[in-house]
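What follows is the residue order along each chain.
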Amino acid sequence: MNSGKFESIRKKIEQGDRLNRQDAEALFKWPDILDVGELAHLVRTGLHDDRAYYVVNRHINYSNICVNGCAFCAFGKRPGDPEAFELAVEDIIGKLNEPGSHAITEVHIVGGCHPELPFDYYEEIIRAVKSWRPDVIVKAFTAVEIAHIASREGKSVAWVLERLKDAGLDMLPGGGAEIFAPSVRARICPAKISGDEWLEVMRTAHRLGIKSNATMLFGHLESFHDRIDHLLKLRDLQDETGGFVCFIPLPFLAKKSPLRDIPGPTGVDILRTIAVSRLVLDNIPHIKAYWVMLTVKLAQLALFFGADDFDGTVIEEKIGHMAGAESEEALTREEIEYLITSAGFRPVERNSFFEPLTK
Ligand code: SF4
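Basis of the calculations
- Residues numbered from 1 in each chain as written.
- Predicted model: local features only at pLDDT ≥ 70, side-chain atom pairs only at ≥ 80, totals over all residues.
- Heavy atoms only, no water.
- Buried < 20%, exposed > 50% of the residue type's maximum accessible area, 1.4 Å probe, protein only.
- Helix = DSSP H or I, 4+ residues; strand = E, 2+ residues; numbered from the N terminus.
- Contact = heavy atoms within 4.5 Å.
- Near = heavy atom within 4 Å.
- 1 Å grid on protein atoms, 1.4 Å probe; cavity = no way out; pocket = protein on both sides within 12 Å on 5 of 7 lines; lining within 4 Å.
- Sits in = over half its atoms within 2 Å of the grid points.
- Nonpolar A, V, L, I, M, F, W, Y, C, P; charged D, E, K, R; others polar.
- Phe/Tyr/Trp six-rings, centres within 6.5 Å; stacked < 30°, edge-to-face > 60°.
- Lys NZ or Arg CZ within 6 Å of the ring centre and 35° of its normal.

Caption draft 1: Molecular detail of helix α7 (residues 157–167). Along α7, the residues that are buried comprise A158, V160, L161, L164 and A167. Contact partners of the buried residues in α7: α5 (119–132), α6 (143–153), β5 (171–172) and α9 (195–207). G168, located one to two residues past α7, shows a positive phi value of around 125°.

Structure (structure tokens):
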């Protein structure tokens, strides 16, 4: 790419114009990552100034039993596997009563596509968490789980979402999107719903007033073209619904998966992808530096490459760590604030919808 093309992209960004597919391709190919980061930082600071958000949250995985067997996943286990587990509703409340949970404002609940759990179970989880603390935000079940539950029940996705919303579901977390390209999906997660079906679950959720996040798993078998296509599909849906709160780029962690021969993305590729995401997704307000997958040190750097959110305390994260994440198991509020301030940003505690909270 010649420098004229890069300057035309810079001009578009400065004028607030939308980038197209060719612009995104050029940004993935531009040799100097700092140039791309500078543009993303311009947009990030225009939107959020020096604020870097975080949430005090807890993860709960109700079960890792899953019928899908995705090739990149070290979390899901087949029924009968010695490492398979399933929590009773009382176990979940027991975890919430453990020391340290009093300050959380969000409970993030996801699991595998379980072959047998009845629909009542999912409703009961949500009701139990809401009666534990009515003000806590329940962000639960990926679009993949929602589609699986609907299919098992013989009901529509809308029916499932409406019932779960009545039980107290506040938000969907956004996982399971992986990469939308059908040819890649056929190799890494052939049993999972298609990219179009994932988008349709989100469309339905947003129509019902349930906001969500969105993810992209990158650095495995996909091309830059596939990443751009993924981002543009999210941007199109966001134009239609406005329901995405935050985009979460997830670097592929190969170590403990059947795809362990793939090296995974480099640090430079991760930062560039975060920056391009910030520049292309001009209608999604927040970009997350998910420290669990990035490591805290790369997450700090990502704040200069378009990211404005540090995720949270993430007590008891399992999925990334079972895949070989080298990050801490959890962070305290003080540790997150230190990481943010020492990078030169201003920490702002938020709730799941990015509303600032006063301590
Ligand atoms: S990624 Fe999700 S759907 Fe796929 S095997 Fe793992 S838990 Fe199951």
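Caption draft 2: Representation of the site of the ligand. Taken together, the neighbourhood of the ligand is formed by C66, N68, G69, C70, F72, C73, F75, G112 and K192. Taken atom by atom, the bulk of the ligand overlaps the largest pocket. By residue class, the composition of the shell around the ligand is 5 nonpolar, 3 polar and 1 charged.

Caption draft 3: Spotlight on the packing of aromatic side chains. Applying the stated criterion to the full structure yields 13 aromatic pairs. With 5.9 Å between their ring centres and 80° between their planes, Y62 and F141 make a pair best called edge-to-face. Remark: F141 occurs in the loop between β4 (137–140) and α6 and Y62 occurs in the loop between β2 (57–61) and α4 (89–96); sequence separation between them is 79 residues. For Y62, a relative accessible area of 0% translates into the label buried. Look at Y122 and F141: their rings are 5.5 Å apart centre to centre, the planes differ by 85°, and that puts the pair in the edge-to-face class. Of this pair, Y122 sits in helix α5 while F141 is found in the loop between β4 and α6, placing the two residues 19 residues apart along the sequence. Y122 gets classed as buried once you look at its relative accessible area, which sits at 2%. The exposure class of F141 is buried, given its relative accessible area of 0%. Linked through ring pairs, Y62, Y121, Y122 and F141 together constitute an aromatic cluster. The cationic tip of K155 hangs over the ring face of W159; the distance from NZ or CZ to the ring centre is 5.0 Å.

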